[in-house]
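Overview (structure and organization)
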Amino acid sequence: WVHVAKRASVMFARYFSAFVLRPLFVQYWAMRSGYDDELLAGLVFSIPAWMSLACLFYQHRNPAPPPVLRSFVLCTVGLVLQCMPSVPLILIGLALFGWSLFRGMVHLDALIFETAPPEMYATAFSQMHFFQQLGALVGFYAAGSAVAHQGLVAPFAVAAGGFVVTVVLYHRFFVSEPAAQAVPA
């Protein structure tokens, strides 16, 4: 159960952090940009998805996995840029967020299969899927609560904090412990 709890906590934190931004981004964009065009807001909202597709193409040509920690640090930088009261910085932040989120998520999902024995793949996948969806669900609720109490910028701070927690958990469970176990006593 220890391995399940480690993977589950990282997956929950990652999905919480990624999804806390989604519910109210269109309103945030209208507030920051001054444009009240829903089509434009939808196009801007889709920038991370387009960057993920570009990253998929790039990754197909350059299959070396990126360092997960760097990917999630870049996600956090993308979040900070989206908090700026500048439309170009918000757009750059969205692009960086989408690119690095995809790179980190793919590698982290692969971790499920690296840390689970082959006969447990189906069980590990279903457990991780449960915690991913739970993280997204709690993230949606947290977004509404944060906006109600602090305004439309609050979900970005919550997401950035969540990615910091994700990085700490990932480093603790999947970088530090394996390195410590590899050192002869």
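Structure: see above.
An account of the accompanying structure is given in this report. Since the model is a prediction, treat every value here as computed from it, not as a measurement.

Topic: the overall build of the chain
The helix and strand inventory of the chain stands at eight helices and zero strands. Of the regular secondary structure in the chain, the N- to C-terminal order runs α-α-α-α-α-α-α-α. Scaling as 2.2 N^0.38, a compact globule of 185 residues should have a C-alpha radius of gyration of about 16 Å, and the chain matches this with 17 Å. For the chain, the spread of C-alpha atoms along the three principal axes comes to 60 × 40 × 30 Å. Counting only residues that meet the buried cut, the chain has 41% of its 185 residues in that class. Contacts in the chain between residues far apart in sequence, at least 24 positions, make up 82% of those at least 6 positions apart. Looking at the chain as shown, the accessible area adds up to about 10,000 Å², and 72% of this sits on carbon and sulfur atoms. Taking the average location of the 9 positive side-chain charges in the chain and that of its 7 negative ones, the two points are 9 Å from each other.

Topic: helix α1 (residues 2-19)
Taking 1.5 Å of rise per residue, 18 residues should cover 26 Å, and α1 covers 26 Å from first to last C-alpha, within 8% of that figure. Among the 18 residues in α1, 13 count as buried, and that is most of the element.

As for the packing of aromatic side chains
The geometry of two aromatic rings is summed up by the distance between their centres and the angle between their planes. Going through the model one piece at a time under the given rule, you end up with 12 aromatic pairs. Look at Phe-72 and Phe-163: their rings are 5.6 Å apart centre to centre, the planes differ by 20 degrees, and that puts the pair in the stacked class. With a gap of 91 residues between them, Phe-72 in helix α5 (residues 68-82) and Phe-163 in helix α8 (residues 154-182) connect regions that are remote in the sequence. Summarising the aromatic geometry, the rings of Phe-97 and Phe-163 are spaced 6.1 Å apart at their centres and angled 75 degrees between planes, so their arrangement reads as edge-to-face. One end of the pair, Phe-97, is in helix α6 (residues 87-115); the other, Phe-163, is in helix α8, and 66 residues separate them in sequence. The pair Phe-97 / Phe-163 is uniform in exposure class, with both members buried. An aromatic cluster is defined as three or more aromatic residues linked by ring pairs; in this entry it consists of Phe-25, Tyr-28, Phe-45 and Phe-156.

Quick word on the side chain of Gln-82
Relative to the helices and strands, Gln-82 resides in helix α5. The buried category is assigned to Gln-82, whose relative accessible area is 1%. Apart from the residues within four sequence positions on either side, Gln-82 is in contact with Phe-25, Tyr-28, Leu-89, Ile-90, Gly-93, Leu-94, Phe-97 and Phe-156.

Points about the packing of α1 against helix α7 (residues 121-150)
Look at α1 against α7: their axes get within 7 Å of each other, and the N-to-C directions meet at 35 degrees. Crossing handedness for the pair α1 and α7: right-handed. Of the residues in α7, those touching α1 at Val-4, Arg-7, Ala-8, Met-11, Phe-12, Arg-14, Tyr-15, Phe-16 and Phe-19 are Ala-124, Gln-127, Met-128, Phe-131, Gln-132, Leu-134, Gly-135, Ala-136, Val-138, Gly-139, Phe-140 and Ala-142. Looking at the contact of α1 with α7, its residues break down into 15 nonpolar, four polar and two charged.

Things to note about a nonpolar patch on the surface
Together, Val-80, Met-84, Leu-89 and Ile-92 line one region of the surface with nonpolar side chains, adding up to about 300 Å² of accessible area. Relative to the elements of secondary structure, Val-80 occurs in helix α5.

Section: the environment of Gly-78
The residue Gly-78 is located in helix α5 in this model. With relative accessibility at 0%, the residue Gly-78 sits in the buried group. Residues in contact with Gly-78, not counting those within four places in the same chain, are Gly-93, Leu-96 and Phe-97.

Rules of the game
- Residues numbered from 1 in each chain as written.
- Predicted model: local features only at pLDDT ≥ 70, side-chain atom pairs only at ≥ 80, totals over all residues.
- Heavy atoms only, no water.
- Helix = DSSP H or I, 4+ residues; strand = E, 2+ residues; numbered from the N terminus.
- Rg over C-alpha atoms; globule rule 2.2 N^0.38 Å.
- Buried < 20%, exposed > 50% of the residue type's maximum accessible area, 1.4 Å probe, protein only.
- Contact = heavy atoms within 4.5 Å.
- Areas by Shrake-Rupley, 256 points an atom, 1.4 Å probe, with all protein chains shown as cover.
- Lys, Arg positive; Asp, Glu negative; His and termini not counted.
- Charge placed at Lys NZ, Arg CZ, Asp CG, Glu CD.
- Expected span 1.5 Å × (residues − 1).
- Phe/Tyr/Trp six-rings, centres within 6.5 Å; stacked < 30°, edge-to-face > 60°.
- Axes fitted to C-alpha atoms, helices over the stretch in contact; angles between N-to-C directions.
- Left-handed = near helix turned anticlockwise from the far one by under 90°.
- Nonpolar A, V, L, I, M, F, W, Y, C, P; charged D, E, K, R; others polar.
- Patch = residues over 30% accessible without salt bridge, like charges linked within 9 Å, V, L, I, M, F, W, Y side chains within 5 Å.
- Salt bridge = Lys/Arg side-chain N within 4 Å of Asp/Glu carboxyl O.

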